[in-house]
Amino acid sequence: MEHQADGSINMTQRGLIEKIISATGLTDCNPNWVPAAPTTLGRDPDGPRSTETWNYKSIVGMLLYLNTNSRPDIAFAVSQIARFGHDPRQSHAVAVKTLVRYLKRTKDKGMIVKASKSFDLKCYADADFSGLYNSDPQEDATSARSRTGIIITLAEIPLIWRSALQTETTLCTMQAEYFALSQALRELMPIKFHAQRNV
């Protein structure tokens, strides 16, 4: 955590990032500019199993901790790789290494927190309709699932952020967007209730 001259705080977890880089054996890797490939990461049932020496679940666990505490920018990438801890394929291991290479480039970066004079509670929600189509096998229910992305801020400070597959299959973009909004409001309403009680 670094205090800036303008009163903001740069929340970093450089030690954890260094541990992840070391655990995956990527200390001398070339840094990457993006945390994930432009194509959606699918289940890849016919692909070769991961041959990496590092423990997939352990690395994903560290990445989840990093994401939920100081790095909203990797939420989508972490959500993708976290789906495959039970049976990781080599393509999933490659996705992990892509993310770790991005973290190497950005290990001194973090969430910049600077409180606003306004105590506004804001919620943003979005959906990617049927984002796994042609990525997961078509016989899998997940191939028709959409993805929700949300972020909730208080006084311009992020409180909650999430990228996750929707639990229901939606039939159009509008339905996926409404589902994302519903999920976001389930997070927002308790915060709003407690904030109003404490004013």
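Remember, predicted model here, so these are calculated numbers, not experimental data. (Residues numbered from 1 in each chain as written. Predicted model: local features only at pLDDT ≥ 70, side-chain atom pairs only at ≥ 80, totals over all residues. Heavy atoms only, no water.)

### Structural notes on the overall build of the protein chain
Across its full length, the protein chain holds 5 helices and 6 strands. Secondary structure elements of the protein chain, listed N to C terminal, follow the sequence β-β-α-α-α-α-β-β-β-β-α. A globule of 199 residues ought to have a C-alpha radius of gyration of about 16 Å, and the protein chain, at 18 Å, matches this closely. Taken over the C-alpha atoms alone, the protein chain extends approximately 55 × 45 × 25 Å along its principal axes. Out of the 199 residues in the protein chain, the part that is buried amounts to 41%. Long-range contacts, defined as pairs at least 24 residues apart, comprise 74% of the intrachain contacts of the protein chain with a sequence gap of at least 6. Summing over all exposed atoms, the protein chain offers an accessible surface of approximately 11,300 Å²; the carbon and sulfur share of this is 54%. (Helix = DSSP H or I, 4+ residues; strand = E, 2+ residues; numbered from the N terminus. Rg over C-alpha atoms; globule rule 2.2 N^0.38 Å. Buried < 20%, exposed > 50% of the residue type's maximum accessible area, 1.4 Å probe, protein only. Contact = heavy atoms within 4.5 Å. Areas by Shrake-Rupley, 256 points an atom, 1.4 Å probe, with all protein chains shown as cover.)

### Some remarks on the sheet that holds strand S6 (residues 157-165)
Sheet architecture is open: 3 strands sit in the order S4-S5-S6, paired in antiparallel fashion. This sheet does not close on itself; its edge strands, each paired only once, are strand S4 (121-128) and S6. Pairs of neighbouring strands in the sheet enclose a mean axial angle of 10 degrees, with direction left out of account. Taken together, the 8 bridges between S4 and strand S5 (residues 147-154) define a ladder with antiparallel strand orientation. Within the sheet, the bridge partner assigned to Ala 127 lies in S5 and is Thr 148. (Pairing = 2+ DSSP bridges. Axes fitted to C-alpha atoms, helices over the stretch in contact; angles between N-to-C directions.)

### Details of the nonpolar core
Counting residues in hydrophobic clusters, the biggest one holds 27 residues, and the most contacted among them are Ile 20, Leu 63, Ile 81, Val 96, Leu 99 and Leu 103. Elements that contribute at least two residues to this core include exactly helix H1 (14-23), helix H2 (56-70), helix H3 (75-82) and helix H4 (90-105). For this core, the element with the most residues is H4, which contributes 7 residues. Once residues lying within four places of it in the same chain are set aside, the contact partners of Leu 99 are Pro 35, Leu 63, Ile 74, Ala 77, Val 78 and Ile 81. Ile 150, Ile 152, Ile 160 and Ala 184 belong to the second largest nonpolar core, which has 5 residues in total. (Core = buried A, V, L, I, M, F, W, Y, C linked by side-chain atoms within 4.5 Å.)

### Structural notes on the packing of aromatic side chains
Per the stated rule, a full pass over the model turns up 1 aromatic pair. Ring centres 6.4 Å apart and planes at 20 degrees place the aromatic pair Trp 54 and Tyr 56 in the stacked group. Tyr 56 gets classed as buried once you look at its relative accessible area, which sits at 5%. A cation over an aromatic ring shows up here: Arg 105 above the ring of Trp 33, its NZ or CZ 3.7 Å from the ring centre. (Phe/Tyr/Trp six-rings, centres within 6.5 Å; stacked < 30°, edge-to-face > 60°. Lys NZ or Arg CZ within 6 Å of the ring centre and 35° of its normal.)

### A word on H4
Across its 16 residues, H4 extends 23 Å between first and last C-alpha, which sits within 8% of the 22 Å expected from 1.5 Å per residue. Turning to H4, its buried residues are Gln 90, His 92, Ala 93, Ala 95, Val 96, Thr 98, Leu 99, Val 100, Tyr 102, Leu 103 and Lys 104. (Expected span 1.5 Å × (residues − 1).)

### Structural notes on the layout of surface pockets
Considering only enclosed or pocket space, the largest pocket measures out at about 240 Å³ in volume. In terms of lining residues, the largest pocket is bounded by 14 residues, among which Leu 64, Asn 67, Thr 68, Trp 161 and Arg 162 are the most central. Counting residues per element, the ones that place at least two in the lining of the largest pocket are H2, H3 and S6. In terms of residue class, the lining of the largest pocket is made up of 8 nonpolar, 4 polar and 2 charged. Taken as a whole, the second largest pocket holds about 170 Å³ of empty space. Along the walls of the second largest pocket sit 14 residues, with Ala 37, Thr 39, Leu 41, Gln 80 and Ala 95 positioned nearest its centre. Where the lining of the second largest pocket is concerned, the elements lending two or more residues are H3 and H4. (1 Å grid on protein atoms, 1.4 Å probe; cavity = no way out; pocket = protein on both sides within 12 Å on 5 of 7 lines; lining within 4 Å. Points joined across faces, edges and corners; volume = space filled by probe spheres on them. Nonpolar A, V, L, I, M, F, W, Y, C, P; charged D, E, K, R; others polar.)

### Points about unusual backbone geometry
We note that Asp 44 has phi near 55 degrees; this positive angle belongs to a residue other than glycine. The exposure class assigned to Asp 44 is partly exposed, which follows from its relative accessible area of 27%.

### So, a nonpolar patch on the surface
Side chains of Met 174, Tyr 178, Leu 181, Leu 185 and Met 189 sit close together on the surface and give an oily, nonpolar patch of about 520 Å² of accessible area. Within the fold, Leu 181 resides in helix H5 (residues 173-197). Classification of Leu 181 by relative accessible area gives partly exposed; the value is 38%. (Patch = residues over 30% accessible without salt bridge, like charges linked within 9 Å, V, L, I, M, F, W, Y side chains within 5 Å. Salt bridge = Lys/Arg side-chain N within 4 Å of Asp/Glu carboxyl O.)

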